[in-house]
Amino acid sequence: NCKNIQSEAVVSTQSTGKLEREMELELGDEYILDLKKHYDLPNPDDKYDDIPEIWEGHNIADFVDPDIMQKLEELEKEEAMLEEAGVYESEEENLTEEQKEVRVKAG
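On a predicted model such as this, the values are computed, not experimentally measured, just so you know.

Overview of the overall build of the chain
Move 1: Looking only at helices and strands, the chain features 4 helices and 2 strands.
Move 2: For the chain, the N- to C-terminal ordering of α and β elements is α-α-β-β-α-α.
Move 3: For the chain, buried positions account for 4% of its 107 residues.
Move 4: About 10,400 Å² of surface is accessible on the chain, with carbon and sulfur atoms providing 53% of the total.

In structure tokens, the structure reads:
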């Protein structure tokens, strides 16, 4: 039974050409492993897309936000207003002498 499987594997590799390992040995340092070349997709041009349409069962387009730059600008404006209002000012200015000493000793 094992011989049948091995012989079938040899026949299938002969019909498809060289094994990747054979190509690696033949090309040496110039060999680049390309796992995508055997992808069976309806549109062969999709094999080398930077961002696939479907990834781990999820449609990537579902996670694209066309208004992201507008939202970023709004957040930056809000952040600037909070800084001007003093929300992020340090509390060290409001510490008593005793609290300052404790902080210095605590390191």
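Observations regarding the pattern of salt bridges
Working definition: two side chains of opposite charge can pair if their charged atoms are close together.
Move 1: Enumeration over the complete set of coordinates arrives at 4 salt bridges.
Move 2: A salt bridge links Glu-26 to Lys-18, with the shortest nitrogen-to-oxygen separation between them at 2.3 Å.
Move 3: Given a relative accessible area of 47%, Lys-18 falls into the partly exposed group.
Move 4: We note a salt bridge from Glu-24 to Arg-21, for which the minimum N-O separation is 3.2 Å. Taken together, the residues span about one helical turn, with Glu-24 and Arg-21 both in helix α2 (residues 20-27) at a distance of 3 residues.

Here we look at the side chain of Lys-47
Move 1: By secondary structure assignment, the location of Lys-47 is in the loop between α2 and β1 (54-55).
Move 2: Although buried, Lys-47 forms no salt bridge, and the nearest oppositely charged side chain, Asp-40, lies 7.2 Å from it.
Move 3: A distance of 3.0 Å separates a polar side-chain atom of Lys-47 from the backbone oxygen of Lys-37.
Move 4: Excluding anything up to four places from it in sequence, Lys-47 contacts Lys-36, Lys-37, Tyr-39 and Leu-41.

Re helix α4 (residues 97-106)
Move 1: Of all 10 residues making up α4, only 0 are buried, and the element is barely covered by its neighbours.
Move 2: Two residues or fewer past α4, Gly-107 is found with a positive phi of approximately 85°.

As for a negative patch on the surface
Move 1: Taken together, the side chains of Asp-45, Asp-46, Asp-49, Asp-50 and Glu-53 make up a negatively charged region of the molecular surface.
Move 2: Looking at where Asp-46 falls in the secondary structure, it is placed in the loop between α2 and β1.
Move 3: Residue classification places Asp-46 among the partly exposed positions, given a relative accessible area of 36%.

Focus on the confidence of the model for the chain
Move 1: Averaged over all residues, the pLDDT of the chain equals 79, while 80% of them reach at least 70.
Move 2: Within the chain, helix α3 (residues 68-85) carries the highest mean pLDDT (93), whereas helix α1 (residues 2-16) carries the lowest (47).
Move 3: With pLDDT under 50 throughout, residues 1-14 is counted as low confidence; its partners more than four residues away or in other chains account for 1 contact.

Calculation rules
Numbers given for residues are sequential positions, taken from 1 along each chain in its written order. This being a predicted model, a pLDDT of at least 70 is required before a residue's local features are given, and a value of 80 or more before pairs of side-chain atoms are given or counted; all residues contribute to the totals for chains, interfaces and linings. Only hydrogens and water are set aside when side-chain values are computed; all heavy atoms of the structure are taken into account. Each helix corresponds to a stretch of at least 4 residues labelled H or I by DSSP, and each strand to a stretch of at least 2 residues labelled E; elements are numbered beginning at the N terminus. Exposure categories follow from relative accessible area, calculated using a 1.4 Å probe and restricted to protein chains: below 20% of the type maximum is buried, above 50% is exposed, and the middle band is partly exposed. Here, Shrake-Rupley sampling with a 1.4 Å probe gives the accessible areas, and only protein chains in the shown set may cover a residue. The rule for a salt bridge is simple: a side-chain nitrogen of Lys or Arg has to be within 4 Å of a carboxyl oxygen of Asp or Glu. Positive residues here are Lys and Arg, negative ones are Asp and Glu, while His and the chain termini are left out of the count. N or O atoms within 3.5 Å of each other form a polar contact, as long as, within protein, one can give a hydrogen and the other can take it, and as long as residues adjacent in sequence are counted only when both atoms are side-chain atoms. Contacts: residue pairs with any heavy atoms within 4.5 Å of one another. Patch building starts from residues that exceed 30% relative accessible area and form no salt bridge, then joins like charges within 9 Å and nonpolar side chains (Val, Leu, Ile, Met, Phe, Trp, Tyr) within 5 Å. Charged side chains are reduced to one point each, which is NZ for Lys, CZ for Arg, CG for Asp and CD for Glu. The predictor reports its confidence for every residue as pLDDT, a score running from 0 up to 100.

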